[in-house]
Amino acid sequence: MRQTKMPALHESYRPGNWRDVVGQSKALAVLNRFRDRGALAGRAYWISGQSGTGKTTIAKLLAAECAEGFATEEIDGGQVTTEVLDQLERDCRQRPFGAGSCLIVNEAHGLRAPIIRRLLVILDSLPAWVTVIFTTTSDAQESMFEDQLDAHPLLSRCTVLPLARRDLARPFAQRALEIARAEGLDGRPIEDYVKLAQQHRNNLRAMLSAIESGAMLPAAE
């Protein structure tokens, strides 16, 4: 009998609302200001940060707020083709089925030079119903593109959201502890979770993978 594959903890417990996002209050404050002005959609965002700090989660929550699921596409930067940009331009010309649309480009440092040049034109005049979200783990944004294209023109067309790197150990430890308890995988004090966060350089995804493997179960006597 074929067994159903269970999702990993980081997917099972990926925040489904903004209240559950931890450690990124500054980025969320920026989004709140746009939301208060009714200006959350209709712009491009550039979300950068270390692995496991919330880039994908924030991108997905932002897309869900700005667009309908059927009008949201998620793709890696290296796989963005002229056909993808053709669709983006069509969405800019005509609102799809009356809904907002969103393009999420992960690993945006993999974008090729011709694609970037065309994006510069598209992003200059995004309509209110189209949102584009780039995510990347790269810190060296000025030289991250493999074609050595200057990143400034693209970044200047985006709202840049650099995610926090510091002061994440304790909030991530608390979140990991809550998940471990819910899954019956907890047997350690909170300070051990803080050490786990430090060990994994504040990568919550890596922390949950370790917990799933039993890292926080009581030590054998």
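These numbers come from a predicted model, not from an experiment.

A.B. asks: Even after reading the chapter, I still don't get the packing of aromatic side chains, so can you show me in this structure?
C.D. replies: Two numbers describe a pair of aromatic rings. These are the distance of the centres and the angle of the planes. Here the structure, examined in full by the defined rule, presents two aromatic pairs. With a centroid separation of 6.3 Å and an interplanar angle of 80°, the aromatic rings of F34 and Y45 are classed as edge-to-face. Residue F34 is located in helix 2 (residues 25–36), and its partner Y45 is located in strand 1 (residues 44–48); the two are separated by eleven residues in the primary sequence. A single burial state applies to F34 and to Y45, both of which are buried. Relative to F134, the ring of W46 has its centre 5.4 Å away and its plane inclined at 40°; by these criteria the two rings are tilted.

A.B. asks: Which parts of the structure should I look at to understand the sheet that holds strand 5 (residues 159–162)?
C.D. replies: The strands that make up a sheet pair up through hydrogen bonds in the backbone, lying either parallel or antiparallel. Strands sit in the order 2-3-4-1-5 across an open sheet of five strands; the sheet is parallel. If you trace the sheet from one side to the other, it starts and ends with strand 2 (72–76) and strand 5, each paired once. Between one strand and the next, the sheet's axes are offset by a mean angle of 15°, whatever the strand orientation. Relative to strand 5, strand 1 runs parallel, the two being bridged by four bridges. The residue of strand 5 that forms the bridge with W46 is V160. Against the sheet, helix 3 (residues 55–66) makes contact with strand 1, strand 2, strand 3 (101–106) and strand 4 (130–136), and its axis sits at roughly 175° relative to strand 4, the strand it touches most.

A.B. asks: Mind showing me how you'd approach the pairing of strand 4 here?
C.D. replies: On a regular strand, one side chain projects to one face of the sheet and the next to the other, so that they alternate. Of all seven residues in strand 4, seven are buried, a share of seventy percent or more. Direction of pairing for strand 1 relative to strand 4: parallel, over a ladder of five bridges. In the sheet register, Y45 faces strand 4, and the bridge partner there is I133. With five bridges joining them, strand 3 and strand 4 adopt parallel strand pairing. Bridging from a neighbouring strand, C102 pairs with T131 of strand 4. For the handedness criterion, the β-α-β arrangement of strand 3, helix 5 (residues 113–123) and strand 4 is classed as right-handed.

A.B. asks: What am I meant to see in the pattern of salt bridges here?
C.D. replies: Opposite charge on two side chains permits them to pair, given that their charged atoms come into close proximity. Overall, the coordinates contain ten salt bridges when judged by the stated rule. E11 is paired through a salt bridge with R14; the nearest N and O atoms lie 2.9 Å apart. Under the relative-accessibility criterion, E11 is labelled partly exposed at 40%. According to the relative accessible area criterion, R14 is partly exposed, its value standing at 23%. We note a salt bridge from R157 to D124, for which the minimum N-O separation is 3.2 Å. Taken as a pair, R157 in the loop between helix 6 (152–155) and strand 5 and D124 in the loop between helix 5 and strand 4 lie far apart in primary sequence, 33 residues in all. Taking relative accessible area as the criterion, D124 reaches 53% and is therefore assigned exposed.

What counts and what doesn't
- Residues numbered from 1 in each chain as written.
- Predicted model: local features only at pLDDT ≥ 70, side-chain atom pairs only at ≥ 80, totals over all residues.
- Heavy atoms only, no water.
- Phe/Tyr/Trp six-rings, centres within 6.5 Å; stacked < 30°, edge-to-face > 60°.
- Helix = DSSP H or I, 4+ residues; strand = E, 2+ residues; numbered from the N terminus.
- Buried < 20%, exposed > 50% of the residue type's maximum accessible area, 1.4 Å probe, protein only.
- Pairing = 2+ DSSP bridges.
- Axes fitted to C-alpha atoms, helices over the stretch in contact; angles between N-to-C directions.
- Contact = heavy atoms within 4.5 Å.
- Right-handed = clockwise from strand over helix to strand, strands pointing away.
- Salt bridge = Lys/Arg side-chain N within 4 Å of Asp/Glu carboxyl O.

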